[in-house]
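In case you want the letters, here they are:
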Amino acid sequence: GMGAKKGILIRKGEAIQTMKQVKIIVFDKTGTITKGKPEVADFYGDEKHLFQIAGSLEKLSEHPIAKAIVKKANLKTYKKVTNFKIIRGKGLQGIINKKQIIIGTEVLMKEKKISIKSVEKHLKTFEENGQTTMIISENKKIIGVIGVADTLKKDSISAIKQLNDKGYKTVMITGDNERTANAIAKQVGIDKAIARVLPEDKSKKVKQLQKKGMVAFVGDGINDAPALKEANVGIAIGTGTDIAIEAGDIVLANGDLTSVVSAINLSKATFIKITAAGVTE
């Protein structure tokens with residue numbers, strides 16, 4: 001009842017007992033630590049051509065980063081795209097004006113044997129500022145870089161500090177590269193960032209961390225559901241997707257990260273009450 005008043009729904013009773021044994025708390029980045037509404041923060045290249053190409057290709061994707069680029073491009077008409085393909089966790093590709101367009105991460109460019117030497121300086125600058133970078137290539141030639149930033153939730157820093165002070169090891173999982181991940185982890189006070197994690201690999205990372213102790217995973221997205229299930233305690237953000245909520249042992253209705261701290265306190269207090277009642281009987 002107290003949990004419900006604070007927007008904390010405990011869906012599975014086992015979570016109450018397991019939570020008191022948790023040592024490691026893992027957070028997904030986008031939509032959990034951050035608001036999940038990224039915006040273009042910086043770019044390098046010919047603005048008109050860069051955003052005309054990037055906006056036309058990204059219009060075909062539903063990813064939050066794609067939406068941020070489309071919004072910034074603000075095109076009245078879009079270029080025709082053929083052979084469109086999403087490269088999961090890495091980027092997009094398609095053909096515009098008979099030219100092969102690839103937009104994505106440094107890893108994707110290396111896989112496609114596209115040199116990024118001309119933009120390395122800009123990548124470093126954007127990423128050290130905590131931006132997720134998208135590299136744009138046209139016929140295997142880099143035409144620019146777009147840096148996208150996602151605002152931290154207002155209570156993220158406070159919640160992480162409280163967890164660190166209580167002795168929990170805090171971990172962030174993200175698809176971002178190491179430089180961006182470490183910059184964001186530093187901003188929010190996270191102990192450890194695990195970077196370049198593909199959506200389907202989140203549950204594997206949780207499993208690896210379980211070798212060091214009981215793990216709680218906090219997430220809000222469709223691709224967080226396997227990790228929520230794999231964790232000893234899955235904590236779903238109630239403002240996220242239905243599938244994540246269904247996979248969670250505990251659901252935080254309001255989406256605030258301080259509710260994670262409240263859920264831990266509530267679980268411990270509840271178990272103390274249960275234990276005390278057992279002793280009395």
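Definitions and limits used
- Residues numbered from 1 in each chain as written.
- Predicted model: local features only at pLDDT ≥ 70, side-chain atom pairs only at ≥ 80, totals over all residues.
- Heavy atoms only, no water.
- Helix = DSSP H or I, 4+ residues; strand = E, 2+ residues; numbered from the N terminus.
- Rg over C-alpha atoms; globule rule 2.2 N^0.38 Å.
- Buried < 20%, exposed > 50% of the residue type's maximum accessible area, 1.4 Å probe, protein only.
- Contact = heavy atoms within 4.5 Å.
- Areas by Shrake-Rupley, 256 points an atom, 1.4 Å probe, with all protein chains shown as cover.
- Lys, Arg positive; Asp, Glu negative; His and termini not counted.
- Charge placed at Lys NZ, Arg CZ, Asp CG, Glu CD.
- Pairing = 2+ DSSP bridges.
- Axes fitted to C-alpha atoms, helices over the stretch in contact; angles between N-to-C directions.
- Core = buried A, V, L, I, M, F, W, Y, C linked by side-chain atoms within 4.5 Å.
- Salt bridge = Lys/Arg side-chain N within 4 Å of Asp/Glu carboxyl O.
- Expected span 1.5 Å × (residues − 1).

Visitor: How would you summarise the overall build of the chain if you had to cite specific residues and measurements?
Guide: Helix and strand counts for the chain stand at 13 helices and 13 strands. The globule rule puts the C-alpha radius of gyration for 281 residues at 19 Å, and the 21 Å found for the chain is close to it. Taken over the C-alpha atoms alone, the chain extends approximately 80 × 30 × 30 Å along its principal axes. The buried share of the chain, reckoned over its 281 residues, is 51%. Taking the intrachain contacts of the chain between residues at least 6 apart in sequence as the baseline, contacts between residues at least 24 apart amount to 57%. As displayed, the chain has an accessible area near 14200 Å², and 51% of this comes from carbon and sulfur atoms. Each charge class in the chain was averaged separately, 48 positive and 30 negative side chains, and the resulting centres sit 2 Å apart.

Visitor: I'd like a rundown of the sheet that holds strand β10 (residues 192–194), residues and numbers included.
Guide: With respect to topology, seven strands assemble into an open sheet ordered β1-β13-β12-β11-β2-β9-β10, the strand pairing being mixed. With partners counted over all chains shown, the strands left at the sheet margins are β1 (8–10) and β10, one partner each. Averaged over all neighbouring strand pairs, the angle between strand axes comes to 20°, with direction disregarded. Relative to strand β9 (residues 169–173), strand β2 (residues 22–28) runs parallel, the two being bridged by five bridges. Across the sheet, Ile-24 pairs through a bridge with Lys-169, a residue of β9.

Visitor: Residues and numbers for the nonpolar core, please.
Guide: Core analysis: the biggest nonpolar cluster contains 33 residues, and Ile-25, Phe-27, Ile-235, Ile-250 and Val-260 have the highest contact counts within it. Secondary-structure elements contributing two or more residues to this core are α2 (14–19), β2, α8 (156–165), α9 (178–188), β11 (214–219), β12 (233–237), β13 (250–252) and α13 (258–280). Take this core: its biggest share by element is five residues, from α13. Membership of the second largest hydrophobic core comes to 21 residues, among which are Ile-69, Val-81, Ile-103 and Val-148.

Visitor: How would you explain the sheet that holds strand β5 (residues 91–96) if you had to name every residue and give the values?
Guide: An order of β3-β8-β7-β6-β5-β4 is seen for the six strands of this open sheet, with the pairing classed as antiparallel. A single partner strand is all that each edge strand has here, and the edge strands are β3 (39–45) and β4 (82–87). When strand polarity is set aside, the average angle formed by the axes of neighbouring strands in this sheet is 15°. Bridging between β4 and β5 involves four bridges; their strand directions are antiparallel.

Visitor: An account of the side chain of Glu-138 is needed here, citing residue identities and associated values.
Guide: Relative to the helices and strands, Glu-138 resides in strand β7 (residues 132–138). Lacking a salt bridge, the buried Glu-138 has Lys-99 as its closest oppositely charged neighbour, with an N-O distance of 4.1 Å. Setting aside residues up to four positions removed in sequence, Glu-138 forms contacts with His-49, Ile-53, Lys-99, Gln-100, Ile-101 and Ile-143.

Visitor: Explain helix α4 (residues 47–58) residue by residue, including any values.
Guide: The first and last C-alpha atoms of α4 sit 16 Å apart over twelve residues, in line with the 16 Å expected at 1.5 Å per residue. Of all the positions in α4, only Leu-50, Phe-51, Ile-53, Ala-54, Gly-55, Ser-56, Leu-57 and Glu-58 are classed as buried.

Visitor: I'd like a description of the pattern of salt bridges, backed by residues and values.
Guide: What the rule picks out here adds up to twelve salt bridges. With a shortest N-O distance of 2.9 Å, Asp-165 and Lys-161 are connected by a salt bridge. Taken together, the residues span about one helical turn, with Asp-165 and Lys-161 both in helix α8 at a distance of four residues. Among the ionic contacts, a cluster of salt bridges with common partners joins Asp-28, Lys-202 and Asp-224.

Visitor: Before we move on, can you summarise the pairing of β7 with the specific residues and values?
Guide: Where burial is concerned, most of β7 is hidden: seven out of the seven residues are buried. Burial along β7 is two-sided: Thr-132, Met-134, Ile-136 and Glu-138 facing one way and Thr-133, Ile-135 and Ser-137 facing the other are all buried. Note that strand β6 (residues 99–104) and β7 share four bridges and pair antiparallel. Pairing of Gly-104 across the sheet is with Ile-135, part of β7. Sheet analysis places β7 next to strand β8 (residues 141–149), joined by seven bridges and oriented antiparallel. The residue bridging Thr-133 from the neighbouring strand is Gly-147, located in β8. The antiparallel hairpin formed by β7 and β8 contains two residues in its connecting segment, where Asn-139 sits at a positive phi of about 50°.

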